[in-house]
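# Coordinate inspection notes
So you can see what is in the structure, the chains are spelled out below.
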Amino acid sequence: MENGAARTAPAVIVAIDGPSGTGKSSTSKAVAAQLGLSYLDTGAQYRAITWWMVTNGIDVDDPSAIAAAAGKPDIVSGTDPASPTITVDGVDVAGPIRTQEVTSRVSAVSAVPEVRTRITELQRAIAAGAVTGIVVEGRDIGTTVLPDADLKIFLTASPEARAARRSGELKDADVAATREALLKRDAADSTRRTSPLAKADDAVEVDTSDLTLQQVIECVVTLVEEKRAAK
Ligand SMILES: Nc1ncnc2c1ncn2[C@@H]1O[C@H](COP(=O)(O)OP(=O)(O)O)[C@@H](O)[C@H]1O
Ligand SMILES: Nc1ccn([C@@H]2O[C@H](COP(=O)(O)OP(=O)(O)O)[C@@H](O)[C@H]2O)c(=O)n1
């Protein structure tokens, strides 16, 4: 090594996309923590802007009302994978963004182009500022937000596995109803005009249906290490 200087690992940008319940958040947080990278949950940002719209009485069935308000909330994401945070106008909304009300409305809000432009700008600024690199998880990270990411992963799993995982998190949840709600949200997210949920052509697809979370984490860590070594 030149002058005996310690070689620092180059910053690495990892995009992890896929539908709900495929393991994006758990995998991304663990991979980022293990490799000393930042972590960004972009779904939390779309949930946060949806929470703001609902709380401020914006009609979420009216795209022009959503578009007009899209620039108003100040959304800040903390990117430590050990304790990710999300605030809107200084208020911690980590809990409120997970309610059924927000979950049922987030697809409509996130389909509005002005919302996507706003949130995409935030995401790119956060990724650009991540010194060691970042794992960014969402629906359109590999295709639209960070098309030059070093590594793109697309996680999938059967609707049954996803519904079982999600309903396992919610008390008293009905698996069949959870499955229907997931499929409805997938359909809305995959068919919107602007930046739909999609696998990038150069993404590595991993079906997590029959893998443990630990196996998925190890698979992604290995892929990131290979990319880092080649940089
Ligand atoms: N491979 C897996 N096997 C079993 N459970 C998993 C697996 N991956 C994730 N989970 C669990 O499924 C639930 C949803 O995972 P999460 O990471 O939030 O998915 P996503 O971010 O894609 O919606 C969590 O409770 C998580 O612990
Ligand atoms: N990059 C992203 C991430 C999320 N979203 C939207 O935000 C919603 C919530 O995302 P999420 O990742 O929190 O959803 P879960 O996987 O937690 O169920 C999605 O259903 C999409 O409508 C998006 O449009 N683009």
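Residues numbered from 1 in each chain as written. Chains lettered and ligands numbered in written order. Predicted model: local features only at pLDDT ≥ 70, side-chain atom pairs only at ≥ 80, totals over all residues. Heavy atoms only, no water.

Under an unreviewed UniProt entry, the name given to the protein chain is Cytidylate kinase, and the organism recorded is Streptomyces ruber. Taken verbatim from the UniProt record of the protein chain, the Sequence similarities (unreviewed entry) comment is "Belongs to the cytidylate kinase family. Type 1 subfamily." Quoted verbatim from the Subcellular location (unreviewed entry) field of the UniProt record, the comment on the protein chain reads "Cytoplasm". (UniProt positions renumbered as here; feature names shortened; annotations may be inferred.)

### Comments concerning the site of ligand 1
What surrounds ligand 1 is a group of 16 residues, the closest being G21, K24, S26, R166 and E169. Between an oxygen atom of ligand 1 and a main-chain N or O atom of S25, the distance comes to 2.8 Å. Listed by contribution, the elements that provide at least two residues to the shell around ligand 1 are helix 1 (24-35), helix 7 (159-169) and helix 9 (213-230). A per-class count over the shell around ligand 1 returns four nonpolar, eight polar and four charged. (Near = heavy atom within 4 Å. Polar contact = N/O pair within 3.5 Å; in protein donor to acceptor, adjacent residues only side chain to side chain. Helix = DSSP H or I, 4+ residues; strand = E, 2+ residues; numbered from the N terminus. Nonpolar A, V, L, I, M, F, W, Y, C, P; charged D, E, K, R; others polar.)

### Remarks on helix 1
One full turn of an α-helix is made of 3.6 residues, so residues set three or four places apart face in the same direction. A rise of 1.5 Å per residue sets the reference length of helix 1, with its 12 residues, at 16 Å; its end C-alpha atoms lie 16 Å apart and thus fit the reference within 8%. Along helix 1, the residues that are buried comprise K24, T27, S28, V31, A32 and L35. All buried residues of helix 1 lie within an arc of 120° about the axis, which places them on one face of the element. Where helix 1 is buried, its residues meet strand 1 (12-17), strand 2 (38-41), strand 6 (133-138), strand 7 (151-156) and helix 9. Where helix 1 ends, the next residue or the one after it, G36, has phi of about 70°, a positive value. (Expected span 1.5 Å × (residues − 1). Buried < 20%, exposed > 50% of the residue type's maximum accessible area, 1.4 Å probe, protein only. Arc of directions from axis to C-beta. Contact = heavy atoms within 4.5 Å.)

### Description of the UniProt feature "binding site: ATP" (unreviewed entry) in the protein chain
Mapped onto the present numbering, the UniProt feature "binding site: ATP" (unreviewed entry) falls on G18, P19, S20, G21, T22, G23, K24, S25 and S26. Ignoring sequence-local partners within four residues, the contact set of G18 consists of K24, G138, R139, F154, L155 and L197. The exposure class assigned to S26 is partly exposed, which follows from its relative accessible area of 36%.

### With respect to the site of ligand 2
Near ligand 2, the surroundings consist of 19 residues, among which S20, R47, R116, R185 and D189 are the closest. One nitrogen or oxygen atom from the side chain of R116 is found 2.8 Å from an oxygen atom belonging to ligand 2. Residue R185 places a side-chain N or O atom 2.8 Å away from an oxygen atom belonging to ligand 2. Protein chains shield 98% of the accessible area of ligand 2, which is 530 Å² for the free molecule. Of all the elements in the fold, those that place two or more residues in the shell around ligand 2 are helix 2 (42-55), helix 4 (100-110) and helix 8 (175-191). Its residues assigned to classes, the shell around ligand 2 shows three nonpolar, six polar and 10 charged. (Areas by Shrake-Rupley, 256 points an atom, 1.4 Å probe, with all protein chains shown as cover.)

### A short note on the sheet that holds strand 6
Read from one edge to the other, the open sheet built from five strands follows the order 2-6-1-7-8, with strand pairing classed as parallel. If you trace the sheet from one side to the other, it starts and ends with strand 2 and strand 8 (204-207), each paired once. Sheet twist, expressed as the mean angle between neighbouring strand axes with direction ignored, is 20°. Looking at chain direction, strand 1 and strand 6 are connected through six bridges and run parallel. (Pairing = 2+ DSSP bridges. Axes fitted to C-alpha atoms, helices over the stretch in contact; angles between N-to-C directions.)

### Some thoughts on the nonpolar core
Residues M53 and V115 are the most contacted members of the largest nonpolar core, which totals 22 residues. With residues near it in sequence (within four places) discarded, V115 still touches Y46, I49, I66, A70, V109 and S110. Listed in part, the 19 residues of the second largest apolar core include V14, L35, I153 and V224. (Core = buried A, V, L, I, M, F, W, Y, C linked by side-chain atoms within 4.5 Å.)

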